[in-house]
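Secondary and tertiary structure notes
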Amino acid sequence: MARAPVHVGILASGRGSNALALIRAVERGYITGAVIDVLLSDKPDARALSMAEEHGVRTRLLEPASGQTREEYDARLLSALEECGVAPGKNPLVALAGFMRILSPSFVGRFSGRMMNIHPSLLPAFPGLRAQEQALKRGVKVAGCTVHFVVPDVDAGPIIVQKAVLVREGDDLDALSARILRQEHRIYPLAVKLYVEGRLRLQGGRVAVG
Ligand code: GRF
């Protein structure tokens with residue numbers, strides 16, 4: 001029997017190159033069995049919004065209102081996702097792709113095991129902002145990127161896929177970031193594909209890939 005499609009909602013605040021990699025992966029049939037129902041952004045000028053529109057993906061702009069708490073914002077986020085078909089109970093997958101907001105534990109709980117993030121370091125090294133800069137400053141010889149399930153603690157969830165990237169002598173931030181980004185665009189679609197194919201099993205805080 002055919003599997004019910006996974007309903008994907010992408011959350012992005014900026015450039016949207018990882019969002020584009022996911023959209024293209026579905027367009028080209030690398031990922032089958034998933035529909036991208038919406039790309040949602042908190043930033044009106046996010047390139048991700050116009051890019052998604054160019055690809056025929058529905059978009060929603062959800063700007064935080066002044067004085068709004070994190071929980072209030074996340075309640076709006078949940079409603080917007082549900083309106084677009086990305087709803088708990090309906091085989092949802094939320095893909096964070098450069099979404100620059102910390103999500104409340106209750107929102108994260110609604111999508112437990114059904115929300116992924118991409119981070120430009122080999123976690124658990126260099127969580128948080130400017131991971132590539134942290135890596136350069138620390139002088140690591142190997143950097144990379146990670147796709148992980150989202151838990152309430154930032155960049156701390158079970159690791160799904162990682163890719164290492166060599167740091168070259170003389171690398172500056174732009175050079176290293178670009179080399180990592182190329183790998184991000186490969187491993188995020190891979191992680192979503194594995195998820196959609198039912199090949200990821202969460203066991204005791206670790207992900208087994210079948
Ligand atoms: C990427 O480096 C991603 O790893 C991090 O934010 C950046 C988003 O870039 N979470 P883009 O908007 O996907 O181009």
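A short tour of the structure in this document, coming up.

**Brief notes about helix 5 (residues 131–138)**
Those residues of helix 5 lying buried are Ala-131, Gln-132 and Ala-135. Viewed end-on, helix 5 has its buried residues packed into an arc of 100°, placing them on one side of the element. Against the buried residues of helix 5 lie strand 5 (115–119) and helix 6 (173–196). Gly-139 sits one or two residues past helix 5 and shows a positive phi near 75°.

**Examining helix 3 (residues 70–83)**
What sets the pattern is the α-helix's 3.6 residues per turn: residues three or four places apart point alike. Along its 14 residues, helix 3 runs 20 Å from first to last C-alpha, staying within 8% of the 20 Å computed at 1.5 Å per residue. Tucked inside the fold, the buried residues of helix 3 contact strand 1 (6–11), strand 2 (34–41), strand 4 (92–96) and helix 4 (105–110). Of the residues flanking the end of helix 3, it is Gly-85, one or two places downstream, whose phi is positive at about 100°.

**A look at the packing of aromatic side chains**
Inspection of every chain in the model, using the stated rule, returns 2 aromatic pairs. Their ring planes at 50° and their centres at 5.3 Å tell us that Phe-107 and Phe-111 sit as a pair that is tilted. Judged by its relative accessible area of 3%, Phe-107 is buried. Ring plane angle 65° and centroid distance 6.4 Å describe the contact between Phe-149 and Tyr-195, whose orientation is recorded as edge-to-face. Taken together, the positions of Phe-149 in strand 6 (residues 142–149) and Tyr-195 in helix 6 put the pair 46 residues apart, joining distant regions of the chain. Judged by its relative accessible area of 13%, Tyr-195 is buried. It is Lys-193 that lies over the ring of Tyr-30; its NZ or CZ is 4.8 Å from the centre.

Rules behind the numbers
Residues numbered from 1 in each chain as written. Predicted model: local features only at pLDDT ≥ 70, side-chain atom pairs only at ≥ 80, totals over all residues. Heavy atoms only, no water. Buried < 20%, exposed > 50% of the residue type's maximum accessible area, 1.4 Å probe, protein only. Helix = DSSP H or I, 4+ residues; strand = E, 2+ residues; numbered from the N terminus. Arc of directions from axis to C-beta. Contact = heavy atoms within 4.5 Å. Expected span 1.5 Å × (residues − 1). Phe/Tyr/Trp six-rings, centres within 6.5 Å; stacked < 30°, edge-to-face > 60°. Lys NZ or Arg CZ within 6 Å of the ring centre and 35° of its normal.

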